[in-house]
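# Analysis of the macromolecular model
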Amino acid sequence: MCKAMEDMRNEAGYYKATEIAKRMIARGKATLEEIAEDTGLALNKIQELSVKIGM
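A short tour of the structure in this document, coming up. Here the residue numbering is sequential within each chain, running from 1 through the sequence in written order. Owing to the predicted nature of the model, reporting of local features is limited to residues with pLDDT of at least 70; listing and counting of side-chain atom pairs is limited to 80 or more, with chain, interface and lining totals taken over all residues. With hydrogens and water excluded, all non-hydrogen atoms of the structure serve as input to the side-chain values.

All right, on to the nonpolar core then. Core analysis: the largest hydrophobic core is formed by nine residues, namely Ala17, Ala21, Met24, Ile25, Ile35, Ala36, Leu41, Ile46 and Leu49. Counting from the N terminus, the helices are the DSSP runs of H or I reaching at least four residues and the strands are the DSSP runs of E reaching at least two. Among the secondary structure elements, those contributing two or more residues to this core are helix 1 (3-27), helix 2 (32-39) and helix 3 (43-53). Here this core takes four residues from helix 1, the largest share from any one element. By the convention used here, residues are in contact when the closest approach between their heavy atoms is within 4.5 Å. Once you skip the residues sitting within four places of it in the chain, Ala36 turns out to touch Leu41, Ala42, Leu43 and Ile46. Grouping buried Ala, Val, Leu, Ile, Met, Phe, Trp, Tyr and Cys residues that are joined through side-chain atoms within 4.5 Å yields what is termed a nonpolar core. Relative accessibility thresholds used throughout: buried, under 20% of the residue-type maximum; exposed, over 50%; partly exposed, between the two (1.4 Å probe, protein chains only).

Next comes the structure, spelled out in structure tokens:
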């Protein structure tokens, strides 16, 4: 697979994981650690999203 296509695929996956994390944070039913584990995002990214959302 060419590098540009691979980069686009990775970026799309990261965007989707970020959107899922935002919804999970807003629901408030999971800990930030659980959200990080479930989405594959770094805990510090989940914490940043939490601050941006205001939770």
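Okay, back to it.
Here Ser50 is to be found in helix 3. Excluding its chain neighbours within four sequence positions, the residues that come into contact with Ser50 are Ile25, Leu32 and Met55.

Turning to helix 1, a few remarks are in order. Take the number of residues in a helix, subtract one, and multiply by 1.5 Å to get its expected span. For helix 1, built from 25 residues, the straight-helix expectation of 36 Å at 1.5 Å per residue is met to within 8% by its first-to-last C-alpha distance of 36 Å. Listed in full, the buried residues belonging to helix 1 are Ala17, Thr18, Ala21, Met24 and Ile25. Looking at the buried side of helix 1, the elements it contacts are helix 2 and helix 3. Where helix 1 terminates, the next one or two residues include Gly28, which has phi positive at roughly 70 degrees.

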